[in-house]
Amino acid sequence: MRIAQVAPLWESVPPKLYGGTERIVSYITEELVALGHDVTLFASGDSETAARLEAICPQALRLNTGIFNRDAPLMMLQERGLGASRGFDIIHSHLDFIGFPLARRNTIPVVTTLHGRQDLPELEPVFREFSEMPLVSISDAQRKPLPWANWAATVHHGLPRNLYTFHPQAQGYLAFLGRISPEKRPDQAIEIAKRSGLPLRIAAKVDPADQNYFEAEIEPLLNHPLIEFIGEISDAEKDEFLGNARALVCPYDWPEPFGLVLIEALACGTPVLAYRRGSIPEILDHGVTGFICETVSEMVDAVGQVSLIDRQRCRTAFDERFTADRMARDYVALYERLLEDEGVQAGQAHASEQHRILGRGRHV
């Protein structure tokens, strides 16, 4: 199958540090190549892939700190990745709704995976306008704000099976991993650690948009002997950071679309503590791979119960449900079904046209 993967340009594929969407695009792309498919990746020029790379700009846009126009590369990405017919069987877009106008006009089937939250009110008119566009959700929970949209499948994220190693023994600290932002509630992670009497290590990036929040709300909380702020870390560093943690603390207060860090922890054998938000109940098995909580107090109590979780069972859950090869095969099955549906529709349209022509002839 000839497949195009169209990635955002903000980070490289895979990203050097933080960047969940671009990491998933990389995992899908490499697994599709391993399965024998002819794959072209549209991404920034500093991306690394076994597929054919169509470089839209020399480097990821986040690395460009000078004065430049971000819209110009994005326009080129849409035209080259979505606007032109290039002999692909199917185009897989990861640009969210930004790609819809050109995708609608392409004769090649285009499917779009949505990687973010969908509950913002300004999104509904966009999806109503482009209601025919086939969409992939990364969790069933992500669909709830738009139940009427053209959902083609739910495909949970997956990671390369050997990306993280199983750690049977933990050290005595809690971990918080991701980014510093109000919806991730790092302040509550700090409160949970203090009330539990356990060290908390925070490995997180601070985006420019969240800098004021970090300085005003979080930085003052870091001056405590139990709290250690590490900053942004790489995939290689994550293995030890997550694998040695007693538990990963995810007090997210938003409709989490998936939560990639959850399955990273499970791959290391590390239990996860999280609130019942968005996709969390789809990812975690309460009492088996972690604890799903409602309040800070419940999460503090759960910290005391973490020793009851079998770390091997966490890794087994990852192996059974959240590997990249499973994710890629799910996407291949979806591509095949979409192409089959496209063929059926084309056949029906051809038959209808032939019927119309024949009917006209009978009345001549």
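Right above here is the structure, for reference.
Summary of the structure given here. Please read these numbers as outputs of a predicted model, since none were measured by experiment.

About the criteria used
- Residues numbered from 1 in each chain as written.
- Predicted model: local features only at pLDDT ≥ 70, side-chain atom pairs only at ≥ 80, totals over all residues.
- Heavy atoms only, no water.
- Core = buried A, V, L, I, M, F, W, Y, C linked by side-chain atoms within 4.5 Å.
- Buried < 20%, exposed > 50% of the residue type's maximum accessible area, 1.4 Å probe, protein only.
- Contact = heavy atoms within 4.5 Å.
- Helix = DSSP H or I, 4+ residues; strand = E, 2+ residues; numbered from the N terminus.
- Arc of directions from axis to C-beta.
- Pairing = 2+ DSSP bridges.
- Axes fitted to C-alpha atoms, helices over the stretch in contact; angles between N-to-C directions.

What about the nonpolar core?
Line of reasoning, step 1. Core analysis: the biggest nonpolar cluster contains 83 residues, and Leu200, Ile202, Leu248, Leu262 and Val272 have the highest contact counts within it.
Line of reasoning, step 2. Those residues in contact with Val272 that sit more than four places away from it in its chain are Leu248, Cys250, Leu262, Ala265, Leu266, Leu284, Thr289, Gly290 and Phe291.
Line of reasoning, step 3. Counting residues in hydrophobic clusters, the runner-up holds 25 residues, among them Phe88, Ile91, Phe100 and Leu123.

Quick look at helix α2 (residues 71–83)
Line of reasoning, step 1. Looking only at α2, the buried set comprises Pro73, Leu77, Gln78, Gly81 and Leu82. The buried residues of α2 occupy one face: seen down the axis, they fall within an arc of 140°. Counted as exposed and oriented over 90 degrees from the buried face of α2: Asp71 and Met75.

Quick notes on the sheet that holds strand β4 (residues 90–93)
Line of reasoning, step 1. An order of β3-β2-β1-β4-β5-β6-β7 is seen for the 7 strands of this open sheet, with the pairing classed as parallel. Across the chains shown, the open sheet's two edge strands, defined by having one partner strand only, are β3 (52–55) and β7 (151–154). Strand-to-strand, the axes of this sheet are offset by a mean angle of 25°, without reference to chain direction.
Line of reasoning, step 2. Here strand β2 (residues 38–43) pairs with β3 via 4 bridges, running parallel. Pairing of Thr40 across the sheet is with Arg52, part of β3.

Considerations on the sheet that holds strand β12 (residues 272–275)
Line of reasoning, step 1. Strand order across the open sheet formed by 6 strands is β10-β9-β8-β11-β12-β13, with parallel pairing between neighbours. In this open sheet, the two strands that pair with only one neighbour each are β10 (227–229) and β13 (290–293). The mean inter-strand angle of the sheet, taken between neighbouring strand axes irrespective of direction, is 20°.
Line of reasoning, step 2. Of the strand pairs in this sheet, strand β11 (residues 247–250) and β12 are connected by 3 bridges, and their pairing is parallel. The residue bridging Leu248 from the neighbouring strand is Val272, located in β12.
Line of reasoning, step 3. Against the sheet, helix α7 (residues 235–243) touches β8 (174–179), β9 (200–205) and β11, its axis set at about 145° to β8.

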